[in-house]
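What follows is each chain in one-letter form.
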Amino acid sequence: DILENPKTRPSVVFLGLVMPLRRNGKTELTPEAGFGLLKKIKTNPKLQKIKVVIFSGFDKKEYKDEAKELGADFYIVKHDNMPREIVQLIEQLNLE
């Protein structure tokens with residue numbers, strides 16, 4: 001797994017919420033998959049220092065609250081932010 005290997009581990013992950021989730025033999029696109037991956041990253045001692053930026057088209061308060069509760073560092077709504085604003089947010093992450 002790329003996240004588990006210290007040589008390939010990123011310092012930041014941009015995570016979309018809607019991702020494929022396989023359930024009962026079927027694959028569906030659901031925000032549940034993105035939240036699940038966020039939880040895996042933030043609860044794994046080897047990975048929890050990775051900064052996670054949720055980059056989503058959803059501007060729902062409950063999604064923002066859940067992302068914050070699970071440890072997301074930022075929640076960016078795609079249609080609300082211009083590229084320069086996104087760059088400014090990334091600069092705030094203090095990646096070192």
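Thresholds, definitions, all that
- Residues numbered from 1 in each chain as written.
- Predicted model: local features only at pLDDT ≥ 70, side-chain atom pairs only at ≥ 80, totals over all residues.
- Heavy atoms only, no water.
- Helix = DSSP H or I, 4+ residues; strand = E, 2+ residues; numbered from the N terminus.
- Rg over C-alpha atoms; globule rule 2.2 N^0.38 Å.
- Buried < 20%, exposed > 50% of the residue type's maximum accessible area, 1.4 Å probe, protein only.
- Areas by Shrake-Rupley, 256 points an atom, 1.4 Å probe, with all protein chains shown as cover.
- Lys, Arg positive; Asp, Glu negative; His and termini not counted.
- Charge placed at Lys NZ, Arg CZ, Asp CG, Glu CD.
- Contact = heavy atoms within 4.5 Å.
- Axes fitted to C-alpha atoms, helices over the stretch in contact; angles between N-to-C directions.
- Parallel < 35°, antiparallel > 145°, perpendicular 65-115°, else oblique.
- Left-handed = near helix turned anticlockwise from the far one by under 90°.
- Nonpolar A, V, L, I, M, F, W, Y, C, P; charged D, E, K, R; others polar.
- pLDDT = per-residue confidence, 0-100.
- Core = buried A, V, L, I, M, F, W, Y, C linked by side-chain atoms within 4.5 Å.

(A) Highlighting the overall build of the protein. For the protein, the helix and strand inventory stands at three helices and five strands. Shown N-terminal to C-terminal, the secondary structure of the protein runs as helices and strands in the order β-β-β-α-β-α-β-α. The C-alpha radius of gyration computed for the protein amounts to 14 Å, which stays within 12% of the reference 12 Å derived for 96 residues, consistent with globular compactness. With respect to the three principal axes, the spread of C-alpha positions in the protein is 40 × 35 × 20 Å. Counting over 96 residues, the protein shows a buried share of 30%. A total accessible area of about 6700 Å² is found for the protein, and carbon and sulfur atoms account for 52% of it. In the protein, 17 positive and 14 negative side-chain charges are present, and the distance between their average locations comes to 5 Å.

(B) Summary view of the environment of valine 77. Relative to the assigned elements, valine 77 resides in strand 5 (residues 74-77). If near-sequence neighbours (up to four positions away) are discounted, valine 77 is found in contact with Ser56, Gly57, Phe58, Asp59 and Lys64.

(C) How the structure looks around the packing of helix 1 (residues 31-43) against helix 2 (residues 61-70). In contact at an axis separation of 9 Å, helix 1 and helix 2 are set at 20° when each is read in the N-to-C sense. In terms of orientation, helix 1 lies roughly parallel with respect to helix 2. Considering the relative orientation of helix 1 and helix 2, their crossing is right-handed. Taken together, the residues of helix 2 that come into contact with helix 1 (itself represented by Pro31, Phe35, Leu38, Lys39 and Lys42) are Tyr63, Glu66, Ala67 and Leu70. Here the contact of helix 1 with helix 2 is built from residues that sort into six nonpolar, no polar and three charged.

(D) A look at the environment of serine 11. For serine 11, the position within the fold is in the segment before strand 1 (12-15). For serine 11 and leucine 93, which are 82 residues apart along the polypeptide, the C-alpha to C-alpha distance reads 9.7 Å.

(E) Up close: the confidence of the model for the protein. A residue-level look at the protein finds 92% of positions with pLDDT of 70 or above and a mean pLDDT of 86. Within the protein, helix 2 carries the highest mean pLDDT (96), whereas helix 3 (residues 83-91) carries the lowest (77).

(F) Summary view of the nonpolar core. Membership of the largest hydrophobic core comes to 17 residues, with the highest contact counts inside it found for Leu38, Ile54, Ala67 and Tyr75. Elements with a contribution of two residues or more to this core: strand 1, helix 1, strand 4 (51-56), helix 2 and strand 5. Setting aside chain neighbours within four positions, we find leucine 38 in contact with Leu15, Val52, Ile54, Ala67, Leu70, Gly71 and Ala72. Formed by five residues, the second largest nonpolar core is a distinct cluster that contains Val53, Ile76, Ile86 and Leu93.

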